[in-house]
Amino acid sequence: MEKKLRELFVQVLDEELYDMVLSNARQAAWKGSRVKIRPVRMAETLWFQEALYQANQVFHTNLDAAAMAHRLETYMLERYKQARIETSVEEITVLSGKKGTITIKRRKKNAEGVAGAGGAAAGNGSGGEARSLAHNRSKQYILKEGQPVDFLVGLGVQTPEGRVVKARYDKFRQINRYLEFIEDVLEGLPGDRTIRIVDFGCGKSYLTFAMYYYLHQIQGRDIQVTGLDLKETVIRHCNELARQLGYEGLHFRQGDISSFQEEDKVDMVVSLHACDKATDYSLEKAVKWGARVILAVPCCQHELNGQIRCDQLRPVLKYGLIKERMAALITDALRAGMLEQCGYDTQILEFIDMEHTPKNILIRAVKRDGMRPGGKRSALDQVMDFLQVKPTLQQLLQEGECCGEESRGKELP
């Protein structure tokens, strides 16, 4: 096993490596950590830069090929179960099993993908110009420019040759940012059975297709994804595209979030730009199902803006625009806090830059094992009393007792 790994790492650690990601930690102490490797050239010497992400910190180390190969071998034998490697000619997935087995899956790139990996991929017309290995090189995306991806071509984001359509570049960037969020929570999803995902308010489903492609095509996971939206024409179009692409585990249904029922176990719930209270209904469904991962980008939070009554804050809330923005931020903070009470480790993250859209907050929650002890009265209740607000999510969780007796009313850390 060690020889098999060592030979692989020695082979791929050269200038043709694009990037490498090690994830899915073996031990609880390394939960959530991952390692990214990329080649960099400094002072005419080729180095390999490791970025170790651990406990909301990142640590960088530069090593030569031999030292890095040894380090990666140790990582795969002791710390991580999975590695994803991309070079100029192929994509490689390494899986380390419980009984010491190593599985290596290799997929050759087609002619367009290889050609697109060079300077022409960036649209500069330089043809054979070498790929930059500068220390501070430009952003490397999960889905590469210049390499055609079937769903991106089908949705009009790329040309058949893999060039990103200029007017759709923001969407291309958003898709890649979204996939980075999913990459960070991979170990929170089951690895020994089919992963069940529901995407509420999927719309035209750019990100739904991206999620399916990444988890199934790149990560090799067995998944079933259901996209839900109110618009019949959108659902019909998305189902047809999924059929044309051969995405057998991706299906779309017309329906309303609040009345949607799912009897099967749901592992991940996605809600992107579900308007106003629709986000609350999607979060309540996720908690009720015991979903391991929740990703939500709220939109148009009007509810608290009409409820807030607070004499102490009246001097600042008298400005309509300020009140509207504060109400939206408070809404999302309360939602995140309620998910914490229901047993989730929750983060509020920036989705994409403000210049592209004002709806740039993403709530990411991963279910944790065990509950934290707390006081008799929730700190969130005190905030809601202070502002005199009753959010929909609070009422839904209380009515459905989704959090269970052991978690309702716990004091937040």
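Keep in mind that this is a model prediction, so the values were computed, not measured. (Residues numbered from 1 in each chain as written. Predicted model: local features only at pLDDT ≥ 70, side-chain atom pairs only at ≥ 80, totals over all residues. Heavy atoms only, no water.)

Enquirer: For the side chain of Ser33, give the residues involved together with the corresponding values.
Expert: Relative to the elements of secondary structure, Ser33 occurs in the loop between β1 (17-25) and β2 (34-42). Note on Ser33: relative accessible area 2%, which makes it buried. Separated by 2.8 Å, the side chain of Ser33 and the backbone oxygen of Trp30 make a polar contact. The contacts of Ser33, once residues within four sequence positions are left out, are Ala25, Tyr53, Gln54 and Tyr80. (Helix = DSSP H or I, 4+ residues; strand = E, 2+ residues; numbered from the N terminus. Buried < 20%, exposed > 50% of the residue type's maximum accessible area, 1.4 Å probe, protein only. Polar contact = N/O pair within 3.5 Å; in protein donor to acceptor, adjacent residues only side chain to side chain. Contact = heavy atoms within 4.5 Å.)

Enquirer: With reference to specific residues and values, describe the sheet that holds strand β8 (residues 195-200).
Expert: Strand order in the open sheet made by the seven strands is β10-β9-β8-β11-β12-β14-β13, with mixed pairing throughout. With one partner strand each, in any of the chains shown, β10 (250-254) and β13 (344-350) form the two edges of the open sheet. Within the sheet, the average angular offset between the axes of one strand and its neighbour, ignoring direction, is 15 degrees. Where strand β11 (residues 268-275) and strand β12 (residues 293-299) come together, six bridges link them in parallel fashion. When the bridges of β12 are listed, Val269 appears paired with Ile294. Each of β8, β9 (223-229), β10 and β11 is contacted by helix α6 (residues 206-218), which is oriented at about 175 degrees to β9, the strand it contacts most. Each of β8, β11, β12 and β13 is contacted by helix α8 (residues 278-289), which is oriented at about 170 degrees to β11, the strand it contacts most. (Pairing = 2+ DSSP bridges. Axes fitted to C-alpha atoms, helices over the stretch in contact; angles between N-to-C directions.)

Enquirer: Residues and numbers for the packing of helix α5 (residues 169-184) against α6, please.
Expert: Each packed pair of helices is defined by two parameters, the angle between the axes and the distance between the axes. At a minimum axis separation of 10 Å, α5 and α6 run at an interaxial angle of 50 degrees. By the angle between their axes, α5 is oblique relative to α6. Of the two possible hands of crossing, α5 and α6 adopt the one that is right-handed. Residues Lys171, Gln174, Ile175, Tyr178, Leu179, Ile182 and Glu183 of α5 form the contact with α6, whose own contacting residues are Tyr206, Leu207, Ala210, Met211, Tyr214 and Leu215. Across the contact of α5 with α6, the residue classes tally to ten nonpolar, one polar and two charged. (Parallel < 35°, antiparallel > 145°, perpendicular 65-115°, else oblique. Left-handed = near helix turned anticlockwise from the far one by under 90°. Nonpolar A, V, L, I, M, F, W, Y, C, P; charged D, E, K, R; others polar.)

Enquirer: Any chance you could break down the pattern of salt bridges for me, citing the residues and the numbers?
Expert: As a working rule, side chains carrying opposite charge can pair if their charged atoms are close by. Inspection of the entire model under this criterion finds 20 salt bridges. With a shortest N-O distance of 3.8 Å, Arg84 and Asp19 are connected by a salt bridge. Taken together, the residues span a long stretch of sequence, with Arg84 in strand β5 (residues 80-87) and Asp19 in strand β1 at a distance of 65 residues. By the burial criterion, Arg84 is buried, and Asp19 matches it. A salt bridge links Glu240 to Arg243; the nearest nitrogen and oxygen atoms lie 2.5 Å apart. Highlighted residues: Glu240 and Arg243, both in helix α7 (residues 232-245), separated by three residues, approximately one helical turn. Taken together, the shared-partner salt bridges in this structure form one network comprising Asp19, Lys36, Arg84, Glu86, Lys144 and Glu183. (Salt bridge = Lys/Arg side-chain N within 4 Å of Asp/Glu carboxyl O.)

Scope: geometric values only; no functional claims are made or implied.
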